[in-house]
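# Secondary and tertiary structure notes
Each chain is listed here by its residues.
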Amino acid sequence: MTFAVARTRDEAHLYLDLHPCKQCGSVETEWARGLVNVEGELADRYTGTCDGCGAEREFLFGLPERPAMPAGYPTFGGKESSQLIDAGEWMWVADLTAGNVPVGDRAEAHRTLSVAAAAVEEIVKFIPPGQEEVPDDGFWSERGRAVRAAEPGRFQLDRLLIVRDTYRDLAAQHA
């Protein structure tokens with residue numbers, strides 16, 4: 001049995017936030033994490049009880065071949081693209097995050113803009129060398145496909161690099 005790989009803890013936690021409880025829709029869960037053996041394959045297991053309705057929740061992730069070393073916050077992954085979160089969902093995360101930058105709290109503004117910049121960087125990882133945009137196979141979730149359908153030009157490399165660099169510059173101004 002093969003599981004989609006969670007490259008880092010930050011990526012796993014974002015994935016968990018993007019997948020609320022099926023019973024009540026809450027994302028509030030205190031997660032416990034541990035390695036488990038599933039049919040001879042090691043997996044990263046997250047379990048918890050939904051704070052909203054008490055439902056038991058569980059997610060299993062594959063382990064990366066080579067763990068990505070944290071390089072500040074957030075560290076979503078290494079050089080490879082995500083297996084958990086598609087390019088459209090990363091754009092949704094970047095938009096949501098950049099649209100909620102707190103005013104008057106420089107540290108939190110820096111942190112928020114750093115997440116937005118890192119999310120856009122994750123989209124760039126879906127673009128194969130020599131290509132100019134995210135290919136069709138970079139979109140597999142319903143949300144991701146909807147974000148792309150709304151404005152497909154946002155997934156062109158040149159636009160992504162401008163947006164990523166803008167978020168990085170804004171984050172640096174709040175450091």
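In this report, we go over the structure that sits alongside the text. (Residues numbered from 1 in each chain as written. Predicted model: local features only at pLDDT ≥ 70, side-chain atom pairs only at ≥ 80, totals over all residues. Heavy atoms only, no water.)

Moving on, we come to the overall build of the chain. In terms of regular secondary structure, the chain is built from 5 helices and 3 strands. Going from N to C terminus, the chain has its helices and strands arranged as α-β-β-β-α-α-α-α. The C-alpha atoms of the chain give a radius of gyration of 17 Å, which matches the 16 Å a tight globule of 175 residues would have. Along the first, second and third principal axes, the C-alpha set of the chain runs to 45 × 40 × 30 Å. Across the 175 residues of the chain, 41% fall into the buried class. (Helix = DSSP H or I, 4+ residues; strand = E, 2+ residues; numbered from the N terminus. Rg over C-alpha atoms; globule rule 2.2 N^0.38 Å. Buried < 20%, exposed > 50% of the residue type's maximum accessible area, 1.4 Å probe, protein only.)

Okay, unusual backbone geometry next. Across the junction of Tyr73 and Pro74, the peptide omega takes the value -10 degrees, indicating a cis bond. Relative to the elements of secondary structure, Pro74 occurs in the loop between strand 3 (56-61) and helix 2 (87-98). Positive phi, normally seen in glycine, also occurs at Glu39, with a value near 50 degrees. Within the element layout of this structure, Glu39 appears in the loop between strand 1 (32-38) and strand 2 (41-49). By relative accessible area, which is 67% here, Glu39 ends up exposed.

Attention now moves to the side chain of Glu89. In this fold, Glu89 is placed in helix 2. For Glu89, the residues in contact, after removing those within four places along its chain, are Leu18, Leu84, Ser141, Arg143 and Gly144. (Contact = heavy atoms within 4.5 Å.)

With that settled, consider the nonpolar core. Judged by nonpolar contacts, the single largest core of 36 residues is most densely connected at Phe61, Trp90, Ile123, Val134, Phe155 and Leu160. Only helix 1 (9-18), strand 3, helix 2, helix 3 (106-124) and helix 5 (157-173) provide two or more residues apiece to this core. Among the elements that make up this core, the one with the highest residue count is helix 3 (9 residues). Those residues in contact with Val134 that lie beyond four places of it in its chain are Ala87, Ile123, Phe126, Ile127, Phe139, Arg148, Phe155 and Leu160. (Core = buried A, V, L, I, M, F, W, Y, C linked by side-chain atoms within 4.5 Å.)

Our next topic: the pairing of strand 2. Where strand 1 meets strand 2, 7 bridges bridge the pair, whose relative direction is antiparallel. Note on strand 2: the bridge partner recorded for Ala32 is Thr47. Hairpin connection between strand 1 and strand 2: a loop of 2 residues separates the two successive antiparallel strands, and Glu39 in this loop has a positive phi of roughly 50 degrees. Between strand 2 and strand 3, which pair antiparallel one after the other, the connecting turn spans 6 residues, and Gly54 there sits at a positive phi close to 85 degrees. (Pairing = 2+ DSSP bridges.)

Function cannot be read off these values alone, since they describe shape.
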